[in-house]
Amino acid sequence: AREQIPEGYGEPEMGPISTGLGEIYQFEVRGEPMCHSGEPDTDRCYTPMELRTILDWNINYQLRSVRGIVEINSFGGELKTYQVTLDPNRLAAHGLTVGQVAEALSNNNRNVGGGYIAHQGEQYLIRGEGLVETVEDIADDVLLHDHRGTTVTVRNVGKVEFAPVIRQGAVTRDGRGEAVVGIVMMLMGENSRTVVNRVKKKIAQIKKTLPKGVTIDTFYDRTELVRRTISTVAKNLIEGGLLVIFILLLLLGNLRAGLLVSAAIPLSMLVAFTAMKWAGLSGNLMSLGAIDFGLIVDGSVVMVENIVRFLHERRHDNETSLKEKVRLAAHEVARPVVFAVGIIMIVYLPIMALRGIEGKMFVPM
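Residues numbered from 1 in each chain as written. Predicted model: local features only at pLDDT ≥ 70, side-chain atom pairs only at ≥ 80, totals over all residues. Heavy atoms only, no water.

### Digging into the overall build of the protein chain
Thinking step 1. Secondary structure summary: the protein chain contains eleven helices and ten strands in total.
Thinking step 2. Scaling as 2.2 N^0.38, a compact globule of 365 residues should have a C-alpha radius of gyration of about 21 Å, whereas the protein chain reaches 35 Å, well beyond that.
Thinking step 3. If you line up the protein chain on its principal axes, its C-alpha atoms span 125 × 60 × 45 Å.
Thinking step 4. The burial tally for the protein chain puts 28% of its 365 residues in the buried class.
Thinking step 5. Sequence-distant contacts, at least 24 apart, represent 66% of the contacts inside the protein chain between residues at least 6 apart.
Thinking step 6. Accessible surface computed for the protein chain: about 24,600 Å², of which carbon and sulfur atoms make up 58%.
Thinking step 7. The centroid of the 39 positive side-chain charges in the protein chain is displaced by 8 Å from the centroid of its 41 negative side-chain charges. (Helix = DSSP H or I, 4+ residues; strand = E, 2+ residues; numbered from the N terminus. Rg over C-alpha atoms; globule rule 2.2 N^0.38 Å. Buried < 20%, exposed > 50% of the residue type's maximum accessible area, 1.4 Å probe, protein only. Contact = heavy atoms within 4.5 Å. Areas by Shrake-Rupley, 256 points an atom, 1.4 Å probe, with all protein chains shown as cover. Lys, Arg positive; Asp, Glu negative; His and termini not counted. Charge placed at Lys NZ, Arg CZ, Asp CG, Glu CD.)

Right, dumping it as structure tokens:
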């Protein structure tokens, strides 16, 4: 495939389809009532195995159809499997090996095409359907016929039952015991708010298809985090602007000076957003938090304060124009301000030099 790409169209390479921040939606599959430990699997309650099966084969398959979703990771519960526990003594009595039983199980669980039969100008397709559907189907699989013509099946050499695969952990929630959880992973580059809204609509449709007593309980929604982050950024910026106005009004007694310095905050954000647009960075949790943390308006505070002081001291100087006074005051502190802001920027250089996951996290800053 690499040779088929026209020259000049770039070099193909493997890349991730999701990121470490792709977990945008988490939910629990709950069944009421839940079976207690040791209680048999009945229609009266739901076992962790049943809930995990509903998550893997009902909910997950429908959620994967949502645009912008990579996969849904399942955690908790018991992964349902068909288990055959063989009795070594019975195997030896019938002269069978474990490999022969495994081969017989494989051969008895498939569909086979048988060609067709032509009759009166029509073709009839022949197909052998041998897929197992129940535990009893597996137990009835024929292994061999002994010397007396007796059929030996799987149930004659072992026990067939539902059993979970070897577990590597468990999920608990709110002190209620074991839980079955699904985590929705977003495609890299998608808008989390838009994708979560699609997931919510699909979840509402899926709830109508679930068995009686089974519900989907959402406990993490990225849109709520995004909403809170935007609210926090807006609150900090507004409070910061009001605080600057108040402090400068208190110390300088000049309302216009406070308003000028406060104007530096939205202007700095405008420049930051312009740079993000140019660099192709999205307005996500990391970038918004970085802007909120990294706005540097110290220079405007020093500059405006010195201009107010300079104008007050030269208020009786009628030979110099107001514009020239402002220029002289700004020139007086320009170099210290440039050095001060430059030092702050140099402090950020080690962060900009980070690579790997750390680098991706701090690039917006």
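On we go.
### What to know about the packing of aromatic side chains
Thinking step 1. Under the criterion given, the structure shown has three aromatic pairs.
Thinking step 2. Ring centres of Tyr25 and Phe27 lie 6.4 Å apart, and the angle between their planes is 45°; on these two criteria the pair is classed as tilted.
Thinking step 3. Overall, Tyr25 belongs to the buried group, its relative accessible area being 4%.
Thinking step 4. Between the aromatic rings of Tyr82 and Phe162, the centroid separation amounts to 5.0 Å while the plane-to-plane angle is 55°, which identifies the pairing as tilted. With Tyr82 in strand S3 (residues 80-86) and Phe162 in strand S8 (residues 158-164), this pair connects stretches of sequence that are 80 residues apart.
Thinking step 5. With a relative accessible area of 37%, Phe162 lands in the partly exposed category.
Thinking step 6. Just above the ring of Tyr61 sits the side chain of Arg64; from NZ or CZ to the centre is 5.1 Å.
Thinking step 7. Lying over the aromatic face of Phe162, Lys80 brings its terminal NZ or CZ to 4.1 Å of the ring centre. (Phe/Tyr/Trp six-rings, centres within 6.5 Å; stacked < 30°, edge-to-face > 60°. Lys NZ or Arg CZ within 6 Å of the ring centre and 35° of its normal.)

### With respect to the confidence of the model for the protein chain
Thinking step 1. Averaged over all residues, the pLDDT of the protein chain is 84; the fraction at 70 or higher stands at 93%.
Thinking step 2. Element-level mean pLDDT values for the protein chain span from 66 in helix H8 (residues 285-294) up to 94 in strand S9 (residues 180-186). (pLDDT = per-residue confidence, 0-100.)

### Structural notes on a nonpolar patch on the surface
Thinking step 1. The grouping of Leu243, Phe246, Ile247, Leu250 and Leu251 at the surface amounts to a nonpolar patch, some 530 Å² of accessible area in total.
Thinking step 2. Residue Leu250 is classed as exposed on the basis of its relative accessible area, which comes to 59%. (Patch = residues over 30% accessible without salt bridge, like charges linked within 9 Å, V, L, I, M, F, W, Y side chains within 5 Å. Salt bridge = Lys/Arg side-chain N within 4 Å of Asp/Glu carboxyl O.)

### Considerations on the side chain of Ser74
Thinking step 1. Structurally, the position occupied by Ser74 is in strand S2 (residues 69-75).
Thinking step 2. Classification of Ser74 as buried rests on a relative accessible area of 18%.
Thinking step 3. One polar contact links Ser74 to Asp56, side chain to side chain, over a distance of 2.7 Å.
Thinking step 4. Contacts of Ser74, omitting those with residues within four sequence positions, involve Arg52, Leu55, Asp56, Asn60 and Val181. (Polar contact = N/O pair within 3.5 Å; in protein donor to acceptor, adjacent residues only side chain to side chain.)

### Comments concerning the pattern of salt bridges
Thinking step 1. If you walk through the whole model with that rule in mind, you get 19 salt bridges.
Thinking step 2. A salt bridge links Arg30 to Glu32; its shortest N-O distance comes to 3.6 Å.
Thinking step 3. Put simply, Glu28, Arg30, Glu32, Arg173, Asp174, Arg176 and Asp217 are held in one network by salt bridges that share partners.

### Focus: unusual backbone geometry
Thinking step 1. The linkage connecting Glu32 with the following residue, Pro33, adopts the cis geometry, with an omega of 0°.
Thinking step 2. Even without glycine at this site, Gln120 takes up a positive phi of about 55°.
Thinking step 3. As for its position among the elements, Gln120 is in the loop between strand S4 (111-119) and strand S5 (122-129).
Thinking step 4. Overall, the relative accessible area of 72% leaves Gln120 in the exposed class.
Thinking step 5. Phi is positive for Asp174, which is not a glycine, with a value near 55°.
Thinking step 6. Looking at the element boundaries, Asp174 is found in the loop between S8 and S9.

### Notes on the packing of helix H6 (residues 222-252) against helix H7 (residues 255-279)
Thinking step 1. Two numbers describe how H6 lies on H7: the axes approach to 8 Å, and their chain directions differ by 155°. Taken together, the axes of H6 and H7 are roughly antiparallel relative to one another. Classified by chirality, the crossing of H7 by H6 is right-handed. Within the contact between the two elements, H6 uses Leu237, Gly240, Gly241, Val244, Ile245, Leu248, Leu249 and Leu252 and H7 uses Leu255, Ala257, Gly258, Leu259, Val261, Ser262, Ile265 and Met269.
Thinking step 2. Tallied by class, residues from the contact of H6 with H7 come to twelve nonpolar, four polar and no charged. (Axes fitted to C-alpha atoms, helices over the stretch in contact; angles between N-to-C directions. Parallel < 35°, antiparallel > 145°, perpendicular 65-115°, else oblique. Left-handed = near helix turned anticlockwise from the far one by under 90°. Nonpolar A, V, L, I, M, F, W, Y, C, P; charged D, E, K, R; others polar.)

### Here we look at the packing of helix H1 (residues 48-63) against helix H5 (residues 192-207)
Thinking step 1. Between H1 and H5, the least distance of the axes is 10 Å, while the angle of their chain directions is 145°. For the crossing formed where H1 meets H5, the hand is right-handed. From H1, Ile59, Gln62 and Leu63 reach across to H5, where they touch Val199, Lys202, Ile203 and Ile206.
Thinking step 2. Of the residues that constitute the contact of H1 with H5, the class distribution is five nonpolar, one polar and one charged.

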